Amino acid sequence: LCSVCPTAQHYDPDTTEPISSGLKSLDELLSWKRSEANPFNIATVPLASRHPPLANSPMRTLVSHDMMGGYLEDRFIQGTHVEDPYVFYHWEYIDIFNYFSHHMVTIPPAVWTNAAHKHGVLSLGTFITEWTDGRKMCEVFLAEEEAYRSAADKLVQIAHCYGFDGWLVNIENVLGATAVKNMGPFLRYLTDQMHERVPGSLVIWYDSVLENGTLKWQNELNDSNKVFFEACDGLFTNYNWTESSLEGMVSHSAAQGRLADIYIGIDVFARGDVVGGKFETNKALQLVRKHGFSTAIFAPGWVFECHDKANFQENQDKFWLLLSDHLYVHRPVCSLPFVSSFCQGVGKSFHWRGQVAQEKRWFNLTAQELQPLYFKKGLEDGGWWRARGCSEDAWAGGSCLLLEGKLPQNVSKVFISIVCVCVCVCVCLYRCFQLELSGCALREVCVNVARDGGEEADLDFNCRIGEIMVLDAESLFTPTLPVRSVCVYDVVWQRGAGDGDGSSLKVHLNATLRWTYPPQLVRHWRVHWRRLRGPDPRVPPGSLTLIGRSYSTLFRVAELEVPDAPGLLELLVEPVSREGFTLDQSYWGRITLSYTHNTDNI
C-alpha cells in the first residue's frame, strides 16, 4: 500500500483532516474541474420540502453568516474539538442561509448546507469582487459574452457539484463601460442556468454597483440599480435605508409583484446610520415587515462575537425571540421515520442511548438533528413556559430539549408544542404509543404539563426530552442490508514517537475510506479499527476501537496511531439505523491493510 499525497487544499496541512475552502482568484474559478472537487464537501442531505413552500412566502428571511473571515471551526467537515463554537439552530424562522466570506468564490461548508437542508432552508454561496483587484477580475470575465458565460458556467457547476442552492453576487468595485454593460446579461445567464441545473435555486444581487458602473450603495431599489434586480431572483439592499425609502420602493415599477424578492438589509452590528441593530434589530425588522418586504439579516453572529461566550445560548435565544413577532415559521416536510434527539451539533461530550460514549467536547453541524421551535411564552397571572436546548444531558448527541416554566395556581394544565413538522403518515405509528392512521399528516407534537392533584399553588416545572421518534411499524421488519464496496485511498503514513519514554516508534495512518450503503437508512456510521497482527506474532489481536462517526459514505482516518511495522490492521464500518438500532458485525463493512518497513510504504 503506497503513500499517496492527497489534494492539498482539501485537507488540513497538519492533520490531513478534510476541510472546506473557497476559491480566491478568477484563475482558480475558470480552471475548476469537477474531477478535482473536494468529495468531502459535497452536501449529503437533500433539501427537504417545506410548508408553506418558499414561493408562497410573501415575506422571507435571509440570514447572511459573516464571521471573522469565515472557514473557522466549521471548515472541519468531519467535525472538530473546540471549546466554544458558533452554532445556529433557529432554522424554522429563516428561509435562506448565505455563507459569506471575502474569498472570490465562497463555497458553503457542507456542514452548513446539510443543517440548512434538513430544515428546508436554502443554502447560498457568495461570489464577490472587491477593490482594485476585483475591478481587474471583472474587466476580464465581463469582457465579452464568451468570457462571462464561462465564469457563470463554472459557478453553476460548483453549486451543482457541492449540492447548494445558488449565489449572492456582490460586486464591490467600480466597473468599466464594457464590464457594466455585460453585468446584466451575466446575471441573467447565471440565473437561468442555475434554475435549469438546480431547480428552486436563487441568484441574489447585492446593492452596490449602479447601471453606469459607479460603486455607490443605494440602500433601496431604484432606477439606477433595477437593471440588475430585473436580471436575477432578488435584491439584497445595503443597510442605511430609512422608512421613507421603504415607502418609495413599494410603489416603484420594478417592485410590482416582486416585493418578496426585495431583501432589505439589516446589519446586526449596527454599523453606520442604520435603524435598530444589536438587540434592537427587531425595530428595523418591524419597519421592513410593515411595508411588506423580505429581509436579509447580516451577521447575526454578533451575539457570539461581541459577548461572553459563556452566555452565547442565552443571548442567541434572546435575539431571535425579540424578532419572532416579525418572522414566519415554516415546517420541514418529511416521511417516516421521523427522529430527533434535538442535538444542536455540539456538545460537552457525545452521548448514545443516554450514556456518555465520548468524553470530550465536539462540534459538527452535520450531526445537528431536526430542531424544534425555541420559544418563550407568557401565561396569565405571571405564568410562563419556554423551550431551550440543554447541554447538561442528552440521549443521543450533545444536547436534549428542556421545557421549563411556571404554571400559575389557577391553570391546571398547558399544552406545549415542541415540534412543528409535516410528516406524511400512511400506516401506523409505533414507539411507546401505537396509532392506526392512514392518509394523514402529523403537524405538531405537544407535551401536556398538568398538575397531579395536590396544592393549588404556582407550580415550577422542568422536563428534559431526550428524543422523539415516530416510526412506521412496517419498517421495523425491513430486511437489513450489509455495507459493501469498502475501499481505501489517499493514504499517508507517518512515523513518530509513541507514548511513554519515546523508546518505541509508532506509525500514524492517514487514509480515506469509502463505501456504499443507502444513506436514508442510517443515522450515522461508526468507523472502528483493530490490530490483527503486529511485529510480534505472540501478541494476540487487539480489541475493537472507535475512530469516529461519519455522516456520509466517506471518512478520513487522520493520525491513527498503530503499532510499528510490520503489521496487519482492519478498518470496519458499522451502520447505525435511523431508529438507533445497532447491527450484527456480519453486516459491517471491512477492509484490511498490511504495512511493512519498505520505504515506499512507510
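About the cut-offs
- Residues numbered from 1 in each chain as written.
- Predicted model: local features only at pLDDT ≥ 70, side-chain atom pairs only at ≥ 80, totals over all residues.
- Heavy atoms only, no water.
- UniProt positions renumbered as here; feature names shortened; annotations may be inferred.
- Helix = DSSP H or I, 4+ residues; strand = E, 2+ residues; numbered from the N terminus.
- Rg over C-alpha atoms; globule rule 2.2 N^0.38 Å.
- Buried < 20%, exposed > 50% of the residue type's maximum accessible area, 1.4 Å probe, protein only.
- Contact = heavy atoms within 4.5 Å.
- Areas by Shrake-Rupley, 256 points an atom, 1.4 Å probe, with all protein chains shown as cover.
- Lys, Arg positive; Asp, Glu negative; His and termini not counted.
- Charge placed at Lys NZ, Arg CZ, Asp CG, Glu CD.
- Pairing = 2+ DSSP bridges.
- Axes fitted to C-alpha atoms, helices over the stretch in contact; angles between N-to-C directions.
- Polar contact = N/O pair within 3.5 Å; in protein donor to acceptor, adjacent residues only side chain to side chain.
- Expected span 1.5 Å × (residues − 1).
- Core = buried A, V, L, I, M, F, W, Y, C linked by side-chain atoms within 4.5 Å.
- Parallel < 35°, antiparallel > 145°, perpendicular 65-115°, else oblique.
- Left-handed = near helix turned anticlockwise from the far one by under 90°.
- Nonpolar A, V, L, I, M, F, W, Y, C, P; charged D, E, K, R; others polar.
- Phe/Tyr/Trp six-rings, centres within 6.5 Å; stacked < 30°, edge-to-face > 60°.

For the protein, the name recorded in an unreviewed UniProt entry is Cytosolic endo-beta-N-acetylglucosaminidase, with Astyanax mexicanus as its organism. Per UniProt, the comment on the protein under Function (unreviewed entry) is "Endoglycosidase that releases N-glycans from glycoproteins by cleaving the beta-1,4-glycosidic bond in the N,N'-diacetylchitobiose core. Involved in the processing of free oligosaccharides in the cytosol." According to UniProt, the comment filed for the protein under the heading Catalytic activity (unreviewed entry) is "an N(4)-(oligosaccharide-(1->3)-[oligosaccharide-(1->6)]-beta-D-Man-(1->4)-beta-D-GlcNAc-(1->4)-alpha-D-GlcNAc)-L-asparaginyl-[protein] + H2O = an oligosaccharide-(1->3)-[oligosaccharide-(1->6)]-beta-D-Man-(1->4)-D-GlcNAc + N(4)-(N-acetyl-beta-D-glucosaminyl)-L-asparaginyl-[protein]".

Which parts of the structure should I look at to understand the overall build of the protein?
Broken down by element type, the protein carries 10 helices and 33 strands. Computed over the C-alpha atoms, the radius of gyration of the protein is 26 Å, within 12% of the 25 Å expected from 2.2 N^0.38 for a compact globule of 602 residues. For the protein, the spread of C-alpha atoms along the three principal axes comes to 85 × 75 × 50 Å. Within the protein, the fraction of its 602 residues that count as buried is 55%. Taking the intrachain contacts of the protein between residues at least 6 apart in sequence as the baseline, contacts between residues at least 24 apart amount to 76%. Only carbon and sulfur atoms are counted for the fraction: they give 50% of the accessible area of the protein, which is about 25500 Å². Charge centroids of the protein, computed over 53 positive and 70 negative side chains, lie 3 Å from each other.

Where do I start with the sheet that holds strand S19 (residues 396-397) in this structure?
Picture the strands of a sheet paired through backbone hydrogen bonds; they go either parallel or antiparallel. An order of S15-S14-S19 is seen for the three strands of this open sheet, with the pairing classed as antiparallel. Both outer strands of the open sheet, strand S15 (355-358) and S19, are each paired with one neighbouring strand and no more. Examined bridge by bridge, strand S14 (residues 350-352) and S15 share three bridges and lie antiparallel to one another. Looking at S15, one finds that Phe350 is bridged to Gln358.

Looking at this model, I keep getting lost on the sheet that holds strand S32 (residues 567-577). Mind explaining?
Judged by pairing direction, the sheet is antiparallel, and its four strands sit side by side in the order S30-S29-S32-S33 without closing on themselves. Only two strands of the sheet have a single neighbouring strand rather than two, namely strand S30 (545-550) and strand S33 (589-595). Across the sheet, the mean angle separating the axes of adjacent strands is 20 degrees when strand polarity is ignored. Strand direction decides the pairing type here: strand S29 (residues 522-533) and S32, joined by 10 bridges, are antiparallel. For His528, the partnering residue across the bridge sits in S32 and is Leu572.

Would you mind going over the side chain of Asn225 with me for this structure?
By the secondary structure assignment, Asn225 is in the loop between strand S7 (202-206) and helix H6 (226-229). Judged by relative accessible area, Asn225 falls into the buried class, the value being 0%. For Asn225, the side chain forms a polar contact with the main-chain oxygen of Glu220, separated by 2.9 Å. Those residues in contact with Asn225, other than ones at most four positions away along the chain, are Asp207, Val209, Gln218 and Glu220.

Please clarify how helix H4 (residues 145-162) should be interpreted in this entry.
Structural remark: α-helix, 3.6 residues per turn; residues separated by three or four positions point the same way. Over its 18 residues, H4 extends 26 Å from the first C-alpha to the last, a length consistent with the 26 Å expected when each residue adds 1.5 Å. For H4, the set of buried residues is Ala147, Tyr148, Ala151, Ala152, Lys154, Leu155, Val156, Ile158, Ala159, Cys161 and Tyr162. In the segment just after H4, Gly163 is the residue with positive phi, at about 80 degrees.

Can you help me understand the nonpolar core in this one?
Ranked by size, the top nonpolar core spans 130 residues in total, and within it Phe127, Trp167 and Phe186 carry the most contacts. Ranked by the residues each element gives to this core, the list is headed by H4, at nine residues. Not counting residues up to four positions away in its chain, the partners in contact with Phe127 are Leu29, Met104, Val105, Phe141, Leu155, Trp167, Leu168, Val169, Asn170, Ile171 and Phe186.

Help me understand the packing of H4 against helix H5 (residues 177-197), please; the structure alone is not making it clear to me.
Two numbers describe a pair of packed helices, the interaxial angle and the distance between the axes. Contact geometry for H4 and H5: axes closest at 9 Å, N-to-C directions at 30 degrees. Here H5 runs roughly parallel to H4, going by the angle between their axes. Remark: the crossing between H4 and H5 carries right-handed chirality. Between H4, through Tyr148, Arg149, Ala151, Ala152, Asp153, Leu155, Val156, Ala159 and His160, and H5, the contact on the second element is made entirely by Asn182, Pro185, Phe186, Tyr189, Leu190, Gln193, Met194 and Arg197. Residues of the contact of H4 with H5, tallied by class, amount to 11 nonpolar, three polar and three charged.

Explanation requested: the environment of Thr214 in the structure shown.
Note that Thr214 resides in the loop between S7 and H6. For the pair Thr214 and Ser340, spaced 126 residues apart in the sequence, the C-alpha separation amounts to 50 Å. Apart from residues lying up to four places away in sequence, Thr214 is in contact with Ser208 and Val209. Side-chain polar atoms of Thr214 contact the side chain of Asn212, separated by 2.9 Å.

What is the right way to read unusual backbone geometry from this model?
Leaving glycine out, the prevailing phi sign among residues is negative, and the prevailing peptide bond configuration is trans. Backbone torsion omega between His51 and Pro52 reads -5 degrees, so that peptide bond is classified as cis. On the secondary structure map, Pro52 appears in the loop between strand S1 (49-51) and strand S2 (61-66). Omega for the peptide link from Ala565 to Pro566 comes to -5 degrees, which places this bond in the cis form. Structurally, Pro566 is set in the loop between strand S31 (554-562) and S32.

Would you mind going over the packing of aromatic side chains with me for this structure?
Across all of its chains, the model carries 30 aromatic pairs by this definition. On the basis of an interplanar angle of 35 degrees and a centroid distance of 5.5 Å, the ring pair of Tyr239 and Phe298 is categorised as tilted. Of this pair, Tyr239 sits in the loop between strand S8 (234-236) and helix H7 (243-250) while Phe298 is found in strand S10 (residues 294-298), placing the two residues 59 residues apart along the sequence. The same class applies to Tyr239 and to Phe298, which are both buried. Aromatic rings pair up to connect Tyr86, Phe88, Trp91, Tyr93, Phe97, Trp112, Phe304, Phe312, Phe319 and Trp320 into one cluster.

Would you take a moment to explain the packing of helix H8 (residues 281-290) against helix H10 (residues 312-323) for this structure?
Packing of H8 against H10 brings their axes to within 9 Å, and their N-to-C directions diverge by 25 degrees. As the angle between them shows, H8 and H10 are arranged roughly parallel. Seen along the crossing, H8 lies across H10 with a hand that is right-handed. On the side of H8, the interface is formed by Thr281, Asn282 and Leu285, while H10 contributes Phe319, Leu322 and Leu323. Class assignment for the residues of the contact of H8 with H10 results in four nonpolar, two polar and no charged.

Before we go on, may I ask you to explain the pairing of strand S17 (residues 375-378) in this structure?
Note: S17 against strand S18 (residues 384-390), four bridges, orientation antiparallel. The partner of Lys376 across the bridge, within S18, is Arg386. Connecting the antiparallel pair S17 and S18 is a turn made up of five residues, with Asp381 showing a positive phi of about 55 degrees.

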